[in-house]
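Secondary and tertiary structure notes
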Amino acid sequence: MKNILISGASRGIGWALLQKYLKEGCRVFALSRNTLNFSPLKEQFPNAFDYSSCNVAIQSDVEIAIQNATNFLNNIDLAILNAGISGSESFENFSSDKYKDIFNTNLFGVLHFFEYLIPLMKKNNGGTIAVTSSLADVRGFAGSAAYSSSKAALTRTLEAARAELHRHNIKVVTIRPGFVRTDMTAKNRFPMPFMIEPDQAAEIIFNALETGKSRINFPLPTYLITNLLQIMPDALFDFVMKFYKVSIDE
Ligand SMILES: NC(=O)c1ccc[n+]([C@@H]2O[C@H](COP(=O)([O-])OP(=O)(O)OC[C@H]3O[C@@H](n4cnc5c(N)ncnc54)[C@H](OP(=O)(O)O)[C@@H]3O)[C@@H](O)[C@H]2O)c1
């Protein structure tokens with residue numbers, strides 16, 4: 001039986017992952033700022049499930065959360081660091097505050113966990129750290145510079161960490177979803193092709209982690225399109241971006 005920590009578990013992809021791992025008989029410790037959704041689950045799975053409130057952007061919150069998680073799980077075999085936020089901003093009327101918020105959650109909200117998980121997993125002779133980045137990491141998208149660049153920084157960080165931590169038997173997994181129907185995408189005001197449901201995303205992530213994949217890119221059509229965007233000549237990408245702007249309700 002595996003012991004699993006999931007951040008950003010109160011809604012969306014994290015919530016679907018939480019249900020999936022409990023159904024598979026694992027022990028799960030869940031984190032998010034709002035914990036209202038967790039209490040009925042605690043009644044249903046008193047021995048297999050526990051949770052605590054944690055803002056991943058605050059390092060002291062993460063330190064306490066790791067302490068609570070290890071008290072409950074004893075050993076963390078798999079940590080799925082999934083908490084994230086999106087947002088749109090404009091360079092025409094720019095403020096760096098939103099950038100800081102997004103980076104503090106999407107990038108530093110993962111790095112805070114690294115400080116505690118890496119020594120813990122080294123002591124336990126290994127473990128897996130799986131982190132939700134995004135297929136949006138491939139380029140800087142107009143209207144969503146902070147989100148796409150936070151995920152690009154995250155994906156690069158995970159790649160480097162994977163190479164270094166391998167020798168300690170710590171596996172680093174990069175999860176790169178395309179569009180998934182959650183509260184996050186409900187605010188988007190632009191076309192979202194090949195959108196999938198959170199349950200489908202959880203199934204894909206679960207199966208890929210079981211088979212030991214280190215990069216989980218899905219769904220396939222979005223993965224192929226974003227690969228094309230990545231290798232698209234810069235001049236053509238700049239031209240396309242003149243007609244495209246991400247718009248998100250706040
Ligand atoms: N949906 C998509 O299409 C899509 C595509 C690519 C990547 N992703 C990534 O997938 C992950 C999950 O996204 P989702 O679509 O499931 O979003 P969601 O439905 O908005 O859920 C986000 C989760 O993260 C938690 N969270 C946000 N900020 C947090 C913070 N500062 N501290 C702790 N928890 C925090 C939220 O809980 P609280 O608000 O209660 O804290 C919630 O549980 C994110 O990293 C996102 O960037 C999503």
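Details of the site of the ligand
Close to the ligand lie 30 residues; Arg 11, Arg 33, Tyr 147, Val 180 and Thr 182 are nearest. Measuring from a nitrogen atom of the ligand, one finds a backbone N or O atom of Cys 54 at 3.5 Å. At a separation of 2.7 Å, an oxygen atom of the ligand approaches a polar side-chain atom of Tyr 147. Bound to the protein, the ligand loses 96% of the 890 Å² it would expose on its own.

Points about helix 1 (residues 12–23)
Because an α-helix packs 3.6 residues into every turn, residues spaced three or four apart end up facing the same way. Here helix 1 is 12 residues long and its end C-alpha atoms lie 17 Å apart, about the 16 Å a rise of 1.5 Å per residue gives. All of the buried residues along helix 1 are Ile 13, Gly 14, Ala 16, Leu 17, Leu 18, Lys 20, Tyr 21 and Leu 22. In the segment just after helix 1, Gly 25 is the residue with positive phi, at about 85°.

Quick word on unusual backbone geometry
Cis rather than trans, the peptide bond between Phe 218 and Pro 219 has omega equal to -10°. Mapping Pro 219 onto the fold places it in the loop between strand 7 (215–218) and helix 9 (220–231). Of note in this structure, Asn 125 is not a glycine but carries a positive phi near 65°. As for its position among the elements, Asn 125 is in the loop between helix 5 (108–123) and strand 5 (127–132). Even without being a glycine, Asn 169 presents a positive backbone phi close to 65°.

Section: the pairing of strand 3 (residues 49–53)
In terms of strand pairing, strand 2 (residues 27–32) meets strand 3 through five bridges, oriented parallel. Residue pairing for strand 3: Ala 30 is matched across the bridge by Tyr 51. In this fold, the crossover linking strand 2 to strand 3 by way of helix 2 (residues 38–44) has right-handed handedness.

A few points about the environment of Arg 139
Tracing the sequence through the fold places Arg 139 in the loop between strand 5 and helix 6 (145–165). Sequence separation between Arg 139 and Glu 159 is 20 residues, and the spatial gap between their C-alpha atoms is 17 Å. When near neighbours in sequence (up to four residues on either side) are disregarded, Arg 139 contacts Ser 148, Leu 229, Gln 230, Met 232, Asp 234 and Phe 237. One polar contact links the side chain of Arg 139 to the main-chain carbonyl oxygen of Leu 229, over a distance of 2.9 Å.

Remarks on the packing of helix 4 (residues 96–106) against helix 6
The axes of two packed helices give the description: the angle between them and the distance between them. Here helix 4 crosses helix 6 at 30°, and the two axes come no closer than 9 Å. Our classification of the angle between helix 4 and helix 6 gives roughly parallel. In this structure, helix 4 crosses over helix 6, and the sense of that crossing is right-handed. Residues Tyr 99, Ile 102, Phe 103 and Asn 106 of helix 4 lie in contact with helix 6, whose contacting residues are Ala 145, Ala 146, Tyr 147, Ser 149, Ser 150, Lys 151, Ala 153 and Leu 154.

What counts and how
- Residues numbered from 1 in each chain as written.
- Predicted model: local features only at pLDDT ≥ 70, side-chain atom pairs only at ≥ 80, totals over all residues.
- Heavy atoms only, no water.
- Near = heavy atom within 4 Å.
- Polar contact = N/O pair within 3.5 Å; in protein donor to acceptor, adjacent residues only side chain to side chain.
- Areas by Shrake-Rupley, 256 points an atom, 1.4 Å probe, with all protein chains shown as cover.
- Helix = DSSP H or I, 4+ residues; strand = E, 2+ residues; numbered from the N terminus.
- Expected span 1.5 Å × (residues − 1).
- Buried < 20%, exposed > 50% of the residue type's maximum accessible area, 1.4 Å probe, protein only.
- Pairing = 2+ DSSP bridges.
- Right-handed = clockwise from strand over helix to strand, strands pointing away.
- Contact = heavy atoms within 4.5 Å.
- Axes fitted to C-alpha atoms, helices over the stretch in contact; angles between N-to-C directions.
- Parallel < 35°, antiparallel > 145°, perpendicular 65-115°, else oblique.
- Left-handed = near helix turned anticlockwise from the far one by under 90°.

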